[in-house]
Amino acid sequence: MTTAVATRTATRRGGRQRGFGLLLRTETVVWLRDFGSVFFGILFPSVILLGVGFGIPGMREPITDAPADSPWYGVTPIATYLPTVLAMAVGTLAIMSLPVTFATFRDKGVLRRLSTTPMRPQAIIVAHLIINVVTTLVGVALALVVAQLAFGIVAPTQLAVLLGAFALGMLAMFSLGMLIAALVNKPSTANAVGSLVYFPLLFLAGLWTPGPIMPDIVRQVGQFTPLGAAAQAMNTGWFGDGVPLLQYVVMAAYTVVLLPLAIRLFRWT
């Protein structure tokens, strides 16, 4: 009897695994048909880098008016812009794409119908998290390649710090995105809420005032936001020394608080 139960359980698990693989492939194909998501997730960071690097005078000239012992001395302004662009790449899909996807599913009853099938409804959440995370990684990798080929960006001084900041930034931003996705019912509402959250976070992360030209007040406030903390921590990993402990703690705190809250508040209808 025990063997029969175990066999049925294994069969159901195997079916769910195969079903999840089919769901992931199907959702990926559908997602790739949306040019906007593909563009902003994969191409937009590289477009921003190229536009700023070649469109603004002096961005490719080494900084010589900083103190000789400054981390900015001899670095090109476009290089100081790169950590902010990478933070932006993380935030774009997490805040502007993921909530719209789930609001659309909720509005059209997809989540409700999926809950009546043998596939666990949580599978579609996992599938779209995988799609968005992988797309973010592809967009970041492309931006790094473009930056190196176009501008000859210097190597990070602390690779481990940089990678840790990037990983924590992804966790914090996707936790925030999932909280928005848990609460909004309409795609238009998701767009509006996402914009209200995303653009102030970009400002505080230094998209308009990156690196050495960021005002102190923006830096002080920005370090307590998930995107600002990610940009500052990656900046330290790229050009500075030491561990940006405050920024790490801020990003971890956002994840610890927002992710369980998103899970608790998520509505299927």
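Treat the numbers as computed from the prediction; the structure is a model and nothing was measured.

### Considering the side chain of Glu-27
Logical step 1: Turning to its location among the elements, Glu-27 is positioned in helix α1 (residues 2-32).
Logical step 2: Discounting chain neighbours no more than four positions away, the residues touching Glu-27 are Phe-105, Ile-124, His-128 and Ile-131.

### So, the environment of Val-134
Logical step 1: When you line up the elements, Val-134 lands in helix α5 (residues 122-151).
Logical step 2: Distance in space between the C-alpha atoms of Val-134 and Arg-112 is 26 Å, their sequence separation being 22 residues.

### Focus: the packing of α5 against helix α6 (residues 159-183)
Logical step 1: Their axes nearest at 12 Å, the elements α5 and α6 cross at an angle of 140°. Between α5 and α6, the angle falls in the class oblique. At the point where α5 passes α6, the crossing takes the right-handed sense. Seen from α5, the contacting residues are Ile-125, Leu-129, Asn-132, Val-133, Thr-136, Leu-137 and Val-140; seen from α6, they are Phe-166, Met-170, Phe-174 and Met-178.
Logical step 2: Class assignment for the residues of the contact of α5 with α6 results in nine nonpolar, two polar and no charged.

### Notes on the packing of aromatic side chains
Logical step 1: Tallied over the entire structure, the rule returns eleven aromatic pairs.
Logical step 2: Ring geometry for Phe-54 and Phe-151: centres 5.2 Å apart, planes at 40°, overall tilted. Taken together, the residues span a long stretch of sequence, with Phe-54 in helix α2 (residues 35-55) and Phe-151 in helix α5 at a distance of 97 residues.
Logical step 3: Within the aromatic cluster, the residues linked to one another by ring pairs are Phe-35, Phe-39, Phe-40 and Phe-44.

### A closer look at the confidence of the model for the protein
Logical step 1: Residue-level pLDDT values for the protein average 86, and 90% of them are 70 or greater.
Logical step 2: pLDDT under 50 marks residues 1-15. Its contacts with residues more than four places away, or in other chains, come to zero contacts.

### Observations concerning helix α7 (residues 187-205)
Every α-helix winds through 3.6 residues per turn, so residues three or four apart in the chain are directed the same way.
Logical step 1: For α7, which comprises 19 residues, the first-to-last C-alpha distance of 26 Å matches the rise-based estimate of 27 Å (1.5 Å per residue) to within 8%.
Logical step 2: Of the positions making up α7, those classed as buried are Ala-190, Gly-194, Tyr-198, Leu-201, Leu-202, Leu-204 and Ala-205.
Logical step 3: Where α7 is buried, its residues meet α3 (77-107), α6, α8 (216-222) and α9 (226-239).
Logical step 4: Of the residues flanking the end of α7, it is Gly-206, one or two places downstream, whose phi is positive at about 95°.

### Observations concerning the nonpolar core
Logical step 1: If you look at the biggest cluster of nonpolar residues, it comprises 70 residues, and the most contacted ones within it are Leu-49, Ile-78, Phe-102, Ile-153, Met-173 and Met-234.
Logical step 2: Of all the secondary-structure elements, those providing two or more residues to this core are α2, α3, α5, α6, α7, α9 and α10 (245-265).
Logical step 3: Counting residues per element, this core draws most heavily on α3, at 17 residues.
Logical step 4: Once you skip the residues sitting within four places of it in the chain, Met-173 turns out to touch Val-90, Gly-91, Ala-94, Ile-95, Leu-201, Pro-226 and Leu-227.
Logical step 5: The next biggest cluster of nonpolar side chains, apart from the first, holds five residues, and it includes Val-38, Ile-42, Leu-93 and Ile-131.

### What to know about the packing of α3 against α9
Logical step 1: Direction vectors running N to C along α3 and α9 enclose 140°, while the axes themselves pass 9 Å from each other. The pairing of α3 with α9 is recorded here as oblique in orientation. α9 is crossed by α3, and the crossing has right-handed handedness. Contacts between α3 and α9 pair Ala-79, Thr-80, Leu-82, Pro-83, Thr-84, Leu-86, Ala-87 and Gly-91 from the former with Leu-227, Ala-231, Met-234, Asn-235, Trp-238 and Phe-239 from the latter.
Logical step 2: Of the residues contributing to the contact of α3 with α9, the split by class is ten nonpolar, four polar and no charged.

### Let's talk about the environment of Phe-239
Logical step 1: With respect to the helices, strands and loops of the structure, Phe-239 is situated in helix α9.
Logical step 2: Here Phe-239 falls in the buried class, since its relative accessible area comes to 9%.
Logical step 3: Among all residues touching Phe-239, those that are not within four sequence positions of it are Pro-71, Trp-72, Val-75, Ala-79, Thr-80, Pro-83, Val-154 and Thr-157.

### Some remarks on the side chain of Ser-175
Logical step 1: Relative to the elements of secondary structure, Ser-175 occurs in helix α6.
Logical step 2: Those residues in contact with Ser-175 that lie beyond four places of it in its chain are Tyr-254, Thr-255, Leu-258, Leu-259 and Ala-262.

Conventions adopted
- Residues numbered from 1 in each chain as written.
- Predicted model: local features only at pLDDT ≥ 70, side-chain atom pairs only at ≥ 80, totals over all residues.
- Heavy atoms only, no water.
- Helix = DSSP H or I, 4+ residues; strand = E, 2+ residues; numbered from the N terminus.
- Contact = heavy atoms within 4.5 Å.
- Axes fitted to C-alpha atoms, helices over the stretch in contact; angles between N-to-C directions.
- Parallel < 35°, antiparallel > 145°, perpendicular 65-115°, else oblique.
- Left-handed = near helix turned anticlockwise from the far one by under 90°.
- Nonpolar A, V, L, I, M, F, W, Y, C, P; charged D, E, K, R; others polar.
- Phe/Tyr/Trp six-rings, centres within 6.5 Å; stacked < 30°, edge-to-face > 60°.
- pLDDT = per-residue confidence, 0-100.
- Expected span 1.5 Å × (residues − 1).
- Buried < 20%, exposed > 50% of the residue type's maximum accessible area, 1.4 Å probe, protein only.
- Core = buried A, V, L, I, M, F, W, Y, C linked by side-chain atoms within 4.5 Å.

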